[in-house]
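Given next are the chains, with one letter for each unit.
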Amino acid sequence: EAGVTQFPSHSVIEKGQTVTLRCDPISGHDNLYWYRRVMGKEIKFLLHFVKESKQDESGMPNNRFLAERTGGTYSTLKVQPAELEDSGVYFCASSRGGNQPQHFGDGTRLSIL
Amino acid sequence: AQRVTQPEKLLSVFKGAPVELKCNYSYSGSPELFWYVQYSRQRLQLLLRHISRESIKGFTADLNKGETSFHLKKPFAQEEDSAMYYCALRPPGGGNKLTFGTGTQLKVEL
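Keep in mind it's a predicted model, so treat the numbers as computed, not measured. All residue numbers here refer to positions counted from 1 along the written sequence of the relevant chain. To label them, take the chains in the order written and letter them from A, then take the ligands in the order written and number them from 1. Reporting of local features is limited, given that this is a predicted model, to residues whose pLDDT is at least 70; pairs of side-chain atoms are given and counted only at 80 or more, and all residues count toward the totals for whole chains, interfaces and linings. With hydrogens and water stripped out, all remaining heavy atoms of the structure feed into the side-chain values.

**Student:** How would you summarise the overall build of chain A if you had to cite specific residues and measurements?
**Tutor:** Secondary structure elements follow DSSP: runs of H or I of four or more residues count as helices, runs of E of two or more count as strands, with numbering from the N terminus. Within chain A, the regular secondary structure consists of zero helices and eleven strands. Counting from the amino terminus, helix and strand elements in chain A follow one another as β-β-β-β-β-β-β-β-β-β-β. With C-alpha atoms as the basis for the radius of gyration, the globule rule is written as 2.2 Å multiplied by the number of residues raised to the power 0.38. Taken over the C-alpha trace, chain A has a radius of gyration of 13 Å; the compact-globule value for 113 residues is 13 Å, and the two agree within 12%. Over its C-alpha atoms, taken along the principal directions, chain A stretches across nearly 40 × 25 × 25 Å. For chain A, the residues scored as buried account for 45% of the 113 residues in total. By the convention used here, residues are in contact when the closest approach between their heavy atoms is within 4.5 Å. Within chain A, counting contacts between residues at least 6 apart in sequence, those at least 24 apart form 52% of the total. The classification of residues rests on relative accessible area computed with a 1.4 Å probe and restricted to protein chains. Under 20% of the type maximum is buried, over 50% is exposed, and intermediate values are partly exposed.

**Student:** Go over the interface of chain A and chain B with me, naming the residues and quoting the values.
**Tutor:** Between chain A and chain B, the contact holds 23 residues from the first and 17 residues from the second. Counting each side, the surface lost to burial between chain A and chain B is near 1600 Å², with a carbon and sulfur contribution of 48%. Once two parts are brought into contact, the accessible area they lose, counted with a 1.4 Å probe and summed over both, makes up the buried area. When the area that chain A buries against chain B is broken down by residue, the three leading residues are Ile43, Asn99 and Phe104 of chain A, summing to 33%. Any carboxyl oxygen of Asp or Glu within 4 Å of a side-chain nitrogen of Lys or Arg constitutes a salt bridge here. The interface formed by chain A and chain B holds one salt bridge in total. Across the pair Arg43 of chain B and Asp106 of chain A runs a salt bridge whose closest N-O atoms are separated by 3.1 Å. Secondary structure elements with two or more residues in the side of chain A that touches chain B: strand S4 (31–37), strand S5 (43–50) and strand S9 (88–95) of chain A. For the side of chain A that touches chain B, the per-class residue count stands at eight nonpolar, ten polar and five charged. Residues are grouped as follows: Ala, Val, Leu, Ile, Met, Phe, Trp, Tyr, Cys and Pro are nonpolar; Asp, Glu, Lys and Arg are charged; all remaining types, including Gly, are polar.

**Student:** An account of the nonpolar core is needed here, citing residue identities and associated values.
**Tutor:** Residue and element names in this part refer to chain B. We call a set of buried residues a nonpolar core when its members are Ala, Val, Leu, Ile, Met, Phe, Trp, Tyr or Cys and they connect through side-chain atoms within 4.5 Å of each other. The biggest cluster of nonpolar side chains holds 24 residues, and the ones touching the most others in it are Trp35, Leu47, Leu48, Phe70, Leu72 and Tyr85. Looking at which element gives the most residues to this core, the answer is strand S9 (residues 83–90), with four residues. When residues no more than four places from it in sequence are discounted, the contact partners of Leu47 are Trp35, Tyr36, Val37, Ile56, Phe59, Leu72 and Tyr85.

**Student:** Just give me the short version of the packing of aromatic side chains, but keep the residues and values in it.
**Tutor:** Pairing of aromatic rings covers Phe, Tyr and the six-membered ring of Trp, with a centre-to-centre limit of 6.5 Å; geometry is then stacked below 30 degrees between planes, edge-to-face above 60, and tilted otherwise. Counting across every chain of the model gives eleven aromatic pairs over all chains. Taking the centre distance of 5.5 Å and the plane angle of 40 degrees together, the rings of Tyr35 of chain A and Phe104 of chain A count as tilted. You can see Tyr35 of chain A sitting in strand S4 and its partner Phe104 of chain A sitting in strand S10 (residues 103–104), a full 69 residues away along the chain. The two residues Tyr35 of chain A and Phe104 of chain A agree in class, both being buried. Here Phe104 of chain A falls in the buried class, since its relative accessible area comes to 2%. Through pairs of rings, three or more aromatic residues link up here, namely Tyr35, Phe45, Phe91 and Phe104 of chain A together with Phe34, Tyr36, Tyr86 and Phe100 of chain B. Look at NZ for Lys and CZ for Arg. If either is within 6 Å of the ring centre and within 35 degrees of the ring normal, a charge sits over the ring. The ring of Tyr74 of chain A carries Arg22 of chain A above its face, with NZ or CZ at 3.8 Å from the centroid.

This is the structure we're talking about:
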């Protein structure tokens, strides 16, 4: 089966601009997660979708971040406007069931200049 | 609040030597613990989970509730074990939110 796919692999934008990251989960996986790793820190949970519904968005840093999963398939994570501290690697993961192992994508490296 | 601590940023061992990657956690309950690994130019992948009690690629990890630890061990390190290792915790009772440690870079030298 195809793995979790993330686009783009790397994005470089200026402070104040908008960026949209995309994640395509493994087919049939209802659960989709976003995480990010800021340089030097741990990988941190951002939010969890079950199909198109947000199950847990407790990790979203602020209202500049907007995640969607219309139709319960792929998901997007938009950062608007981007700030310097948003730089890091954004990972997406998916799982078939809520308690089953998560499969990760390659991540999107976001650099804010 | 739940927390995972991996005290070593870098662990360097010689091929054939034993390996122990340390992981301690804080959680008031019985969480599920995992080890994830990221090899060079590859994605993060699950190595093992404590409920499986299995050995993967020669690695084992025992959950010690008294010491709140989940150290990863391998008796004889191989060059291909060089990678970034992350310990992670998931609370029991629903929800699949993982809390990760900062990771340990394992370098196996010849």
